[in-house]
Amino acid sequence: MCDELEHCELGTQEYWNKRYKEEVKNYQNHGDVGEIWFGEDIVDRLIKWAKTAQIEKSCKVLDIGCGNGMLLIELYNEGFQNVIGVDYSENAITLARSIATKFECNIEFTVCDIIDQNTHLSDFDIILDKGTYDAISLSFNAKENRNKYIENVQKILKETGVLIITSCNWTKDELIEQFQSHFDLKESIPTPEFKFGGKVGNVVTSIVFKRKINIENYLILFYL
Ligand SMILES: C[S@@+](CC[C@H](N)C(=O)[O-])C[C@H]1O[C@@H](n2cnc3c(N)ncnc32)[C@H](O)[C@@H]1O
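- An unreviewed UniProt entry annotates the protein as Protein-lysine N-methyltransferase QE152_g9944 originating from Popillia japonica.
- What UniProt states about the protein under its Sequence similarities (unreviewed entry) heading is, verbatim, "Belongs to the class I-like SAM-binding methyltransferase superfamily. EFM4 family."
- In its Function (unreviewed entry) section, UniProt records this for the protein: "S-adenosyl-L-methionine-dependent protein-lysine N-methyltransferase that methylates elongation factor 1-alpha."

In structure tokens, the structure reads:
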């Protein structure tokens, strides 16, 4: 069983709105795009994975909790242009839209709370999450919110789709345990390693989940 993380301000919408309000100002005044969570290296590794896995460039990609939108902008410049970014912070969406316009990337960025059941999103081939499940894990009703997240993400992913989650709060084994009701591990994306006291560990985990096969759907088809 995984221990719950202690809730803190990083798990609140107010925190992110305030933070991105400042980042919008910084971008307007100095052209600074703001924080690249977990560093440029992780973005490069995600892009390298997409190339090695020979992902079709026309596939439909969603970035959940896109923040400044830089991950999608990088992907767009690599030729993945059927991409959408959502974030529950209006200021993050304002920031992502202005950066995308400056970089001449035609990307849709929309305000959406992924915990909200009535999401208008559907049928994605790839869903990306870099640090958003981490933020949700720090919210007040974290366990309940994490379960809603897992259910919602499974619903909006195609049966053949994958969820790529990058986290600094949970290990690979913890993520597998938390997602096992709806997802199976497909593969791990290598992340930088560190050595401490003779043990090798990772600061950030990046893993690819595939949707669990829904046996009931197959049985219904079989009996039709
Ligand atoms: C650690 S930041 C990562 C931002 C971005 N993914 C990146 O890598 O730069 C977490 C992001 O998740 C967003 N977020 C947190 N909870 C969310 C939710 N329930 N629905 C949508 N976005 C959420 C925050 O507004 C914030 O932009």
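### Looking at the nonpolar core
Here is step 1 of the chain: Ranked by internal contacts, the top residues of the largest apolar core, which has 40 residues, are Trp49, Leu72, Ile107, Phe109, Ile126, Leu128 and Ile164.
Here is step 2 of the chain: When contributions to this core are tallied by element, the ones reaching two or more residues are α1 (13-30), α2 (40-52), α3 (70-77), α4 (90-102), β4 (124-130) and β5 (157-167).
Here is step 3 of the chain: With residues near it in sequence (within four places) discarded, Ile126 still touches Trp49, Ile55, Cys59, Lys60, Val61, Leu62, Val162 and Ile164.
Here is step 4 of the chain: In this structure, Leu62, Ile114, Tyr149 and Leu157 belong to the second largest nonpolar core, which totals 25 residues.

### Observations concerning the packing of aromatic side chains
Here is step 1 of the chain: Throughout the structure, instances matching the rule amount to nine aromatic pairs.
Here is step 2 of the chain: Residues Tyr15 and Trp16 carry aromatic rings whose centres are separated by 4.9 Å and whose planes lie at 85 degrees to one another, so their mutual orientation is edge-to-face.
Here is step 3 of the chain: Geometrically, the ring pair formed by Tyr149 and Phe179 is edge-to-face, given 6.3 Å between the ring centres and 90 degrees between the ring planes. Residue Tyr149 is found in helix α6 (residues 142-156), and its partner Phe179 is found in helix α7 (residues 172-179); the two are separated by 30 residues along the sequence.
Here is step 4 of the chain: Linked through ring pairs, Tyr133, Tyr149, Phe179, Phe183 and Phe209 together constitute an aromatic cluster.

### As for the sheet that holds strand β3 (residues 108-111)
Here is step 1 of the chain: As summarised here, the arrangement of the seven strands in space is β3-β2-β1-β4-β5-β9-β6, forming an open sheet in which the pairing is mixed. Because the sheet does not close on itself, it has two edges, and the strands there are β3 and β6 (183-189). For this sheet, the mean inter-axis angle between neighbouring strands, taken without regard to orientation, is 20 degrees.
Here is step 2 of the chain: With six bridges joining them, β4 and β5 adopt parallel strand pairing. Its bridge partner lying in β5, Phe124 is registered against Leu157.
Here is step 3 of the chain: Sheet contacts for α2: β4, β5, β6 and β9 (205-211); angle to β5, the most-contacted strand, approximately 155 degrees.

The rules we used
The numbering scheme is per chain: residues are counted from 1 as the chain's sequence reads. Owing to the predicted nature of the model, reporting of local features is limited to residues with pLDDT of at least 70; listing and counting of side-chain atom pairs is limited to 80 or more, with chain, interface and lining totals taken over all residues. Based on all heavy atoms of the structure, the side-chain values leave hydrogens and waters out of the count. UniProt positions are given in the numbering used here, feature names are shortened, and annotations may be inferred rather than shown by experiment. In these notes, a set of buried Ala, Val, Leu, Ile, Met, Phe, Trp, Tyr and Cys residues joined through side-chain atoms within 4.5 Å is what counts as a nonpolar core. We call a residue buried when its accessible area falls under 20% of the maximum for its residue type, exposed when it is over 50%, and partly exposed in between, using a 1.4 Å probe and counting protein chains only. In DSSP terms, a helix is any run of H or I states spanning at least four residues, a strand is any run of E spanning at least two, and both are numbered starting from the N terminus. Every residue pair with non-hydrogen atoms within 4.5 Å of one another is taken to be in contact. The rule is short: rings of Phe, Tyr and Trp, with Trp giving its six-membered ring, pair when the centres are within 6.5 Å, and they are stacked under 30 degrees, edge-to-face over 60, tilted in between. Pairing between strands is defined by DSSP: at least two bridges between the two strands are required. Axis definition: a line fitted to C-alpha atoms, over the contacting stretch in the case of helices. Angles run 0 to 180 degrees between N-to-C directions.

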